[in-house]
Amino acid sequence: MKTRHVAIIGGGAIHTCHVEALRHLPNVALRALVDIDGDKGSRLAATYGCQFYQDYREMLLDDTIDVVHICTPHYLHKPMILAALAAGKQVFCEKPMVMNPQEVAEIQAAADAAGRHVGICYQNRLNPTSLAIQRCIESGSLGNMRAIKAVLTWSRGGSYYSASPWRGSFITEGGSLLINQAIHTLDLMQWFGKGVSRLKGVVDSTLLEDEIETEDSAMATMSFNNGARGLFYASNCYASDSPLLLELEFEHGTLRLSDNALWQICGDEHTKLASDASPDGVGKSYWGIGHQQAIHHFYQGLDNNNPENYCGIHEAAKSLRIVNAIYQSSLLRKWVNIIE
């Protein structure tokens, strides 16, 4: 099989997860790294033994590059995806794909016109605990699902936002807590519940109200398409980054994800079903451990011309619609219907 040559745009912390995943893929080679910081970018490129570009548009002129990974601030995702597709590249992008649902159709049209694939990194779907939950749902062993609740409490101080001024702004980040940190949790909830039909939510800025124009806390009540209800709470105002607390209640038992371990609870019987081990020094443990699997699935999808093998445009749009609906509901102070 022909070796695929890859370029990574963005040398921030998350790019190391992509580099590590590519190293474990056969017939894939990192050819270029792009970063606007010339000193940092050239050092990284030298470390990886690849070419350095300071301008991604120059990199896109390289016909030997087959796939582009986008690891940049949110507001750059859309123009970079569109430019890469126009240049005939396959695209794998960090979430969110774009900053609002209205832009999804533009990405889909560009991908269709180019005949190329766009994969979005929702790696937490591939955590061992997430896969175990999905298997249990599909088996029907616990009966019908009644409810899902999720609690995500992380810590983001003023220095986090001042170090990267694009954060904390609706124009450049598209929001904050919801679209950046909690979107993975919302994606898991809607994935397990077969989508969200409507919700009522509230967002606010509390401890960070003098630091950012966006939200640092949010809550929502949801109705899922499978008939279950959902309760969601998230905040960036905790003292540390706690593991996600996720609970799914069924007719005949409960699945509880706590401290990165999944337990099945039926009466007094507690059974451990799966555990999410921490990455081997790559990235941060609270990101989850699915980056390698998500990237591997994307390349397998390219090999088989099968977009169902990874989280593509259609799937990535679902959590984006939920984020947008919570913002809208908070503004209107009423229930919002979600239409795909």
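Presented here is a report on the structure given in the accompanying data block. Values in this document were obtained by computation on a predicted structure and should not be read as measured data.

Right, let's get into the overall build of the protein chain. Along the protein chain, the regular secondary structure elements total eleven helices and 15 strands. A globule of 340 residues ought to have a C-alpha radius of gyration of about 20 Å, and the protein chain, at 20 Å, matches this closely. Each of the 340 residues in the protein chain was classed as buried or not, and the buried ones make up 54%. For the protein chain, the proportion of contacts with a sequence separation of at least 24, taken over those separated by at least 6, is 68%. Roughly 15,100 Å² of accessible area belongs to the protein chain as shown, and the carbon and sulfur atoms make up 48% of that amount. Treating the 28 positive side-chain charges of the protein chain as one cloud and the 36 negative ones as another, the clouds have centres 3 Å apart.

Per the counting criterion, the structure on display carries six aromatic pairs. With centroids separated by 5.5 Å and ring planes inclined at 85°, the aromatic side chains of Phe-298 and Tyr-299 adopt a geometry described as edge-to-face. Looking at Tyr-299, the relative accessible area reads 2%, which means it is buried. Grouped by ring-pair contacts, the aromatic residues Phe-92, Phe-298, Tyr-299 and Tyr-310 constitute a single cluster. The aromatic ring of Tyr-160 is capped on one face by Arg-156, whose charged end is 5.0 Å from the ring centroid. Note that Arg-167 overlies the ring of Tyr-160, its terminal NZ or CZ placed 4.0 Å from the centroid.

Glancing now at unusual backbone geometry. The omega angle of the peptide bond from Lys-95 to Pro-96 is -10°, so this bond is cis rather than trans. Inspection of the secondary structure puts Pro-96 in the loop between β5 (90-94) and α5 (104-114). Positive phi, close to 50°, is recorded for Asn-305, a residue that is not glycine. Structurally, Asn-305 can be placed in the loop between α10 (291-304) and α11 (313-332).

On to the pairing of strand β6 (residues 118-121). Burial along β6 is two-sided: the face carrying Val-118 and Ile-120 and the face carrying Gly-119 and Cys-121 are both buried. In terms of strand pairing, β5 meets β6 through four bridges, oriented parallel. Its bridge partner being in β6, Glu-94 is matched across the sheet by Cys-121.

Attention now goes to helix α1 (residues 15-23). Three or four residues apart is the spacing at which side chains of an α-helix point the same way, because the helix has 3.6 residues per turn. Within the span of α1, buried status applies to His-15, Cys-17, His-18, Val-19, Ala-21 and Leu-22. In the core, the buried residues of α1 are packed alongside β1 (4-9), β2 (28-34), α2 (38-48), β4 (67-70), β5 and α10.

All right, on to the environment of Gly-119 then. When you line up the elements, Gly-119 lands in strand β6. On the basis of relative accessibility, which here comes to 0%, the residue Gly-119 falls in the buried class. Sequence-distant contacts of Gly-119, that is, excluding residues within four places in its chain, are made with Val-91, Phe-92, Cys-93, Phe-298, Tyr-310 and Cys-311.

Right, let's talk about the packing of α5 against α11 for a bit. Remark: α5 packs on α11, axes separated minimally by 11 Å, with the N-to-C direction vectors making an angle of 175°. Between α5 and α11, the angle is such that the two are roughly antiparallel. When α5 is examined against α11, the residues Val-104, Ile-107, Gln-108 and Ala-111 are found in contact with a partner set consisting of Ile-313, Ala-317 and Leu-320. When its residues are assigned to classes, the contact of α5 with α11 shows six nonpolar, one polar and no charged.

Below, the discussion takes up the sheet that holds β1. Pairing within the open sheet is parallel, and its six strands lie in the order β3-β2-β1-β4-β5-β6. The open sheet has two edge strands, β3 (51-53) and β6, and neither has a second partner. Geometrically, the sheet is characterised by an average inter-axis angle of 25° between neighbouring strands, direction not taken into account. Sheet analysis places β1 next to β4, joined by four bridges and oriented parallel. Bridge pairing links Ile-9 to Ile-70 in β4. Packed onto the sheet, α2 meets β2 and β3 and runs at close to 160° relative to β3.

So, how was this worked out
Residues numbered from 1 in each chain as written. Predicted model: local features only at pLDDT ≥ 70, side-chain atom pairs only at ≥ 80, totals over all residues. Heavy atoms only, no water. Helix = DSSP H or I, 4+ residues; strand = E, 2+ residues; numbered from the N terminus. Rg over C-alpha atoms; globule rule 2.2 N^0.38 Å. Buried < 20%, exposed > 50% of the residue type's maximum accessible area, 1.4 Å probe, protein only. Contact = heavy atoms within 4.5 Å. Areas by Shrake-Rupley, 256 points an atom, 1.4 Å probe, with all protein chains shown as cover. Lys, Arg positive; Asp, Glu negative; His and termini not counted. Charge placed at Lys NZ, Arg CZ, Asp CG, Glu CD. Phe/Tyr/Trp six-rings, centres within 6.5 Å; stacked < 30°, edge-to-face > 60°. Lys NZ or Arg CZ within 6 Å of the ring centre and 35° of its normal. Pairing = 2+ DSSP bridges. Axes fitted to C-alpha atoms, helices over the stretch in contact; angles between N-to-C directions. Parallel < 35°, antiparallel > 145°, perpendicular 65-115°, else oblique. Nonpolar A, V, L, I, M, F, W, Y, C, P; charged D, E, K, R; others polar.

Purely spatial values, then, with no claim about function.
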